[in-house]
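Structural overview
The chain contents come next:
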Amino acid sequence: MRYSFKIGSAWGIPIELHITFLLLIIAVFILSYPHFYLFFIILFLFLFVVFHELAHSVVARHYGFKVRKIVLYPIGGVSEIEEIPDNPSQEWRMAVAGPLTSLVLGFALLAVSLLIYPQFITAVLAFAVTGNLLFDLATLNISLGLFNLIPAFPMDGGRVFRGLLAERIRYSDATRYAVYLGKIFGIVMVLVGFLFPSYFLLILVGIFVYIGASEEAEQTIISTALAGVRVKDVMQSEIGSVNPQQSLTEALEVMFKNRYHDALVEKDGIFQGVVTWNELMKIKPEERSALRVEQMPLKNISAYEDESILEVNKIMIREKIDLIPVVDKQNPTKIVGVLTSEAISNAYEKSKNR
Ligand SMILES: [Zn+2]
């Protein structure tokens, strides 16, 4: 089931509305009937969250990261960025861009509303609600900015904290501290939500922060551990390959024997490509013995021995292949080994238990 719906796009970035936001909008519409003040506020909140997220995405693009989409949740959005930068100074700049945009918008609106209604200055100093749209929208943006700056990993503030810390200490240590702090904030938010019923939404945010911090911690620890692992450390040098003249039935036998899902195609010691299980499965069983491997579409993908398995893993996931040939850098048609997804997941398991 899909939990978010595409509602538009900006600069080619699809913007999706999460179902919780949609439910909130509908609920507020019903609850605020026949006075739609709160409803308008929620609609504006939605617009401001879009601005906030676009700020993250624009900075991410500036650093060359691909932004897959923006998903809007009531408490903020999530920019799905192709990969999390492991460059701390880029990370904190990307993270701070959203809250900064909210704060700038908020203070600009505040300045305008004070120009029009100077009498609000007493309300501003008392943090009171005025019931004036312009003024309340200013408060909304400032709150959105400040709330997201709470250093509760994986919220924006937590990412800023990790990035700034990682400029000084090791990335994995910075993550560990950021995660501790995130979990503490998560627990505090849940407690505050229970103690003060008007802040009950904090219970949900707290749980989200706590789980998010734990997940991200594990991910970072694994990636950091695996970042140092090279293809040559986990590849197999025993290569089971098929010849282009062999039939598809024979190719399947080779796959079964080697317990690979895909097979390397090699002719006279020269690498031709990878024939995938998925392609073979498209052919009816009774036709497989008559067809030869060379009649199949081959994937021409390979890796080098000194590449990081994290990078190679990304290629394998993208290309939906279970094995990748490792070729000689000087002579790219010569296969020196094979890296399987099984070997990568073994390395994952090992680094997790370390
Ligand atoms: Zn943000």
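Residues numbered from 1 in each chain as written. Predicted model: local features only at pLDDT ≥ 70, side-chain atom pairs only at ≥ 80, totals over all residues. Heavy atoms only, no water.

With that out of the way, let us pick up the environment of Leu-38. Its location among the elements puts Leu-38 in helix H2 (residues 37-62). Since its relative accessible area comes to 47%, Leu-38 is described here as partly exposed. Once the C-alpha coordinates of Leu-38 and Ile-25 are considered, the two residues, 13 residues apart in sequence, prove to be 9.7 Å apart. If near-sequence neighbours (up to four positions away) are discounted, Leu-38 is found in contact with Val-28 and Ser-32. (Helix = DSSP H or I, 4+ residues; strand = E, 2+ residues; numbered from the N terminus. Buried < 20%, exposed > 50% of the residue type's maximum accessible area, 1.4 Å probe, protein only. Contact = heavy atoms within 4.5 Å.)

Our focus in this paragraph is the layout of surface pockets. Taken as a whole, the second largest pocket encloses approximately 1,200 Å³ of empty space. Along the walls of the second largest pocket sit 26 residues, with Leu-140, Ser-143, Ser-198, Tyr-199 and Leu-201 positioned nearest its centre. Among the secondary structure elements, those contributing two or more residues to the lining of the second largest pocket are helix H1 (19-32), H2, helix H5 (133-149), helix H7 (171-195) and helix H8 (201-227). The element that contributes the greatest number of residues to the lining of the second largest pocket is H5, accounting for six residues. Residue composition of the lining of the second largest pocket, grouped by class: 22 nonpolar, three polar and one charged. (1 Å grid on protein atoms, 1.4 Å probe; cavity = no way out; pocket = protein on both sides within 12 Å on 5 of 7 lines; lining within 4 Å. Points joined across faces, edges and corners; volume = space filled by probe spheres on them. Nonpolar A, V, L, I, M, F, W, Y, C, P; charged D, E, K, R; others polar.)

Read from one edge of the open sheet, three strands run E5-E6-E7, paired in mixed fashion. Of all the strands in the sheet, the pair left with one neighbour each is strand E5 (241-242) and strand E7 (270-275). As paired elements, strand E6 (residues 263-267) and E7 share five bridges and run antiparallel to each other. Paired with Ala-263 across the strands is Val-275, a residue of E7. (Pairing = 2+ DSSP bridges.)

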